[in-house]
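Remarks on the overall topology
The lines below spell out each chain.
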Amino acid sequence: MVEETVMDAAQVDVYVGVHKGLRHLLGRFSFEAGTTDWTDAAAVARLAAQWQVVTRLLDTHHHHEEKHIHPVLAEVSPGAHRRFEADHDAQQAVLADLAAHFDRLASGGVSAARKAQIGLEFYRGFSQFYADYLPHLHREEVEAERALHALCTAEDLGAMVGGLIASIPPDEMMLWIDCMAPAMNPRECADLLGQMKAGAPPEAFDAMADRARRAVGPSNWARLEALMAAPVV
Ligand SMILES: [Fe+2]
């Protein structure tokens, strides 16, 4: 469990950090899918690896929200979580459709022209998913976040977020760092790293910090180190 230092419930932002990471992840993948030559097996293999990360993080993100956030949301705003869970179910179904479509690229006996068609339709399908997903993120950040802040204390929210972070296995945490660290502003990122440092053994935090350093680049990392060394109180 992460030791919470946040004293004001308004300072515990439940959604925005991870959602910034997801917007970054989806936007980057959209660009990569749009620029992939579907007849180039190596390029498709690189995109397939990125697609695995996208589907893994979306799946686990939905699970995290449903396991750690929705029970609290259900207590403070009866029924509010059900719309979000219905969204998740529909999103997971579309992701499964997209994954099955993507897998057709690896089928034997598919001509280059056919691969180009399949790839373009995957890109279009993913673009529609991406467009539909953004309003969902916005509703969670506005509707669910406000409902949580209306009736939860800082301790409630800190325990909820800390429990969620503590449940993430190390290999998955590295993937979150990849997409979240470059997408957050320096203060947000330094706060997140501070939470990780407080809740992880030193060697585990060193690995996470090294991953964040590579994700944001040397100059941004220097800024983050300075912020972590002199946190705003
Ligand atoms: Fe969600």
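Residues numbered from 1 in each chain as written. Predicted model: local features only at pLDDT ≥ 70, side-chain atom pairs only at ≥ 80, totals over all residues.

Some remarks on the overall build of the protein chain
Short version of the rule: Starting at the N terminus, helices and strands are each numbered in turn, a helix being any DSSP run of H or I of at least four residues and a strand any DSSP run of E of at least two. Residues with at least 20 other C-beta atoms within 10 Å of their own are called buried, those with 12 or fewer are called exposed, and the rest are partly exposed. The C-beta atoms themselves are positioned from the backbone. Residues are defined as contacting one another if the C-beta atoms placed from their backbone atoms lie within 7 Å.
From N to C terminus, the protein chain includes nine helices and zero strands. Overall, the protein chain is about 60 × 45 × 25 Å in size when its C-alpha atoms are taken along their principal axes. Counting only residues that meet the buried cut, the protein chain has 25% of its 233 residues in that class. Residue pairs at least 24 apart in sequence account for 79% of intrachain contacts in the protein chain once pairs closer than 6 positions are excluded.

Considerations on the nonpolar core
Generally speaking, nonpolar side chains in soluble globular proteins are found buried as a group. Using the following cut-off: Each nonpolar core consists of buried Ala, Val, Leu, Ile, Met, Phe, Trp, Tyr and Cys residues. Their C-beta atoms, within 7 Å, join them into a set.
In terms of nonpolar packing, the biggest core is built from 43 residues, with Val14, Leu148, Met180, Ala181, Cys189, Leu193 and Ala212 touching the most fellow members. Residue assignment for this core shows that the elements contributing at least two residues are helix H1 (16-35), helix H2 (41-76), helix H3 (80-103), helix H4 (112-151), helix H5 (154-166), helix H6 (170-180), helix H7 (186-199) and helix H8 (202-216). Broken down by element, the residue count for this core peaks at seven residues, all from H2.

What to know about the domain arrangement of the protein chain
Note the threshold: The domain limits used here are those given by an automatic or database domain assignment. Gly is put with the polar residues, along with every residue not named as nonpolar or charged; the nonpolar set is Ala, Val, Leu, Ile, Met, Phe, Trp, Tyr, Cys and Pro, and the charged set is Asp, Glu, Lys and Arg.
Looking at the protein chain, the domain boundaries give domain 1 (13-153) and domain 2 (168-233). Using only C-alpha atoms to locate each centre, domain 1 and domain 2 end up separated by 23 Å. Contact with domain 1, which involves ten residues of that partner, is made by ten residues of domain 2. Residue assignment for the side of domain 1 that touches domain 2 shows that the elements contributing at least two residues are H1 and H2. No other element matches the seven residues that H1 contributes to the side of domain 1 that touches domain 2. Looking at the side of domain 1 that touches domain 2 residue by residue, the class counts come to four nonpolar, four polar and two charged.

Thoughts on H3
To keep it simple, the criterion reads: Expected helix span is given by 1.5 Å per residue-to-residue step, counting one fewer step than there are residues.
For H3, spanning 24 residues, the distance from its first C-alpha to its last is 36 Å, which sits close to the expected 34 Å at 1.5 Å a residue. Considering only its buried residues, H3 is in contact with H2 and H4.

What about the packing of H2 against H3?
Note the threshold: Axis definition: a line fitted to C-alpha atoms, limited for helices to the stretch in contact. Angles are taken between N-to-C directions and run from 0 to 180 degrees. Small angles under 35 degrees read as roughly parallel and large ones over 145 as roughly antiparallel, with 65 to 115 read as roughly perpendicular and the rest as oblique. Two helices cross in a left-handed way if the nearer one is turned anticlockwise from the farther one by less than a right angle. They cross in a right-handed way if the turn is clockwise.
Viewed as axis vectors pointing N to C, H2 and H3 meet at an angle of 165°, and their least axial separation amounts to 11 Å. Here H2 lies roughly antiparallel to H3, going by the angle between them. Taken as a pair, H2 and H3 cross one another with a handedness that is left-handed. For the pair H2 and H3, the contacting residues are Ala48, Trp51, Thr55, Leu58, Asp59, His62, Glu65, Glu66, His70, Leu73 and Ala74 in the first and Ala80, His81, Phe84, Glu85, His88, Gln92, Leu95, Ala99 and Phe102 in the second. Of the residues assigned to the contact of H2 with H3, the class counts are ten nonpolar, six polar and four charged.

Quick word on the environment of His24
If you trace the backbone, His24 turns up in helix H1. For His24, a count of 17 C-beta atoms within 10 Å corresponds to the partly exposed category. Placed 154 residues apart in sequence, His24 and Asp178 show a C-alpha to C-alpha distance of 9.8 Å. What His24 contacts, discounting residues up to four positions off in sequence, is Cys179, Pro182 and Ala183.

What about the environment of Val12?
With respect to the secondary-structure elements, Val12 resides in the segment before H1. We classify Val12 as buried; it has 23 C-beta atoms within 10 Å. A C-alpha to C-alpha distance of 24 Å links Val12 and Ala215, two positions 203 residues apart in sequence.

Observations regarding the environment of Val54
Checked against the element boundaries, Val54 lands in helix H2. Taking the C-alpha atoms as reference points, Val54 and Phe29, separated by 25 residues in sequence, lie 7.9 Å from one another. Residues contacting Val54, with those up to four places away along its chain left out, are Leu25 and Phe29.

Some thoughts on the packing of H2 against H5
Following both chains from N to C, one finds H2 and H5 inclined at 165°, their axes separated by 10 Å at the closest point. With respect to H5, the element H2 is oriented roughly antiparallel. Every pair of crossing elements has a handedness; the one defined by H2 and H5 is right-handed. Contacts between H2 and H5 pair His64, His68, Ile69 and Val72 from the former with Asp156, Met160, Gly163 and Leu164 from the latter.

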